[in-house]
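# A structural walkthrough
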Amino acid sequence: MKISGVDIRPGNIIEYEGGIWRAVKIQHTQPGKGGAYMQVEMKNLIDGRKTNVRFRSAETVERVRLDTKDFQFLFADGDGLVFMDKDTYDQVTLPRDLRGDAAAFLQDRMDVVMELHEEKPISVQLPNQVEATIVEADAVVKGQTASSSYKPAILDNGVRIMVPPHIASGTRIVVDVYEQTYVKRAD
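Residues numbered from 1 in each chain as written. Predicted model: local features only at pLDDT ≥ 70, side-chain atom pairs only at ≥ 80, totals over all residues. Heavy atoms only, no water.

Here we come to the overall build of the chain. Within the chain one finds zero helices and 16 strands. Residues counted as buried form 40% of the 187 residues belonging to the chain. If you take every contact in the chain between residues at least 6 apart in sequence, the share linking residues at least 24 apart comes to 43%. Distance between charge centres in the chain, computed from 24 positive and 28 negative side chains, equals 8 Å. (Helix = DSSP H or I, 4+ residues; strand = E, 2+ residues; numbered from the N terminus. Buried < 20%, exposed > 50% of the residue type's maximum accessible area, 1.4 Å probe, protein only. Contact = heavy atoms within 4.5 Å. Lys, Arg positive; Asp, Glu negative; His and termini not counted. Charge placed at Lys NZ, Arg CZ, Asp CG, Glu CD.)

We now examine the packing of aromatic side chains. Applying the stated criterion across every chain, the model contains two aromatic pairs. Each ring, one from Tyr16 and one from Phe55, has its centre 5.7 Å from the other, and the planes form 80°; the classification is edge-to-face. Of this pair, Tyr16 sits in strand β2 (residues 13-16) while Phe55 sits in strand β5 (residues 50-56), and the two are 39 residues apart along the sequence. Judged by its relative accessible area of 21%, Tyr16 falls in the partly exposed class. (Phe/Tyr/Trp six-rings, centres within 6.5 Å; stacked < 30°, edge-to-face > 60°.)

Right, let's talk about the confidence of the model for the chain for a bit. With 93% of its residues at a pLDDT of 70 or more, the chain has an overall mean of 83. Confidence scores differ between elements of the chain, with strand β11 (residues 120-125) showing the lowest mean pLDDT of 79 and strand β15 (residues 172-176) the highest of 90. (pLDDT = per-residue confidence, 0-100.)

By secondary structure assignment, the location of Gln72 is in strand β7 (residues 67-77). Polar side-chain contacts of Gln72 include one of 3.5 Å to the backbone oxygen of Arg109. (Polar contact = N/O pair within 3.5 Å; in protein donor to acceptor, adjacent residues only side chain to side chain.)

Assignment of secondary structure puts Glu118 in the loop between β10 (111-117) and β11. Accessibility expressed as a relative area gives 68% for Glu118, which makes it exposed. With 52 residues separating them along the chain, Glu118 and Leu66 place their C-alpha atoms 8.2 Å apart.

On to the pairing of strand β6 (residues 60-63). As paired strands, strand β1 (residues 2-4) and β6 are joined by three bridges and run antiparallel to one another. Each bridged residue has a counterpart across the sheet, and for Ser4 the counterpart in β6 is Thr60. In the sheet, β2 pairs with β6 via two bridges, with the strands oriented antiparallel. From the neighbouring strand, Ile14 faces β6, where its bridge partner is Arg63. (Pairing = 2+ DSSP bridges.)

Time to look at unusual backbone geometry. A positive phi angle is found at Tyr89, which is not glycine, with a value near 65°. Note that Tyr89 resides in the loop between β8 (80-85) and β9 (91-95). Its identity as a non-glycine residue notwithstanding, Arg109 has a phi of 65°, on the positive side. Assignment of secondary structure puts Arg109 in the loop between β9 and β10.

This is the structure we're talking about:
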């Protein structure tokens, strides 16, 4: 399906220069002179490259529809991640770098959505938020709790994030997987 370059939205999958790309960030600009354009930051779903492209309103791009299927993460096997099709119980091994930084948040038996293009796995969508445990957090400096500052902490999966000063080691928190930021304390 063809769409105008200024109709691209974050999350859209488009075909560009022979590759399949996901729009990550967009910025609509209307300069004083000349026509409006959409500045789009895109990530290649096959090899992970990123690029910035400027699309004018007269340009069109092909919007790609991906098939989605429910899978369950089983385990990490060296540089591969093993997933199971929840309908057929078939197992699929994908390279760890397909998921990027979010792969650190995969947990055993986590339900994920796999996106397929022409029956080939392109990407894996994790839940937006997951629970994790703080294993190491810096001590609070006197007066730090009065301000809105954050301190570094390390999660049980080894990822380093910034948390409010009142969060201590051993606390379960909710983390935004894609932004890798603190959301709230776990219930």
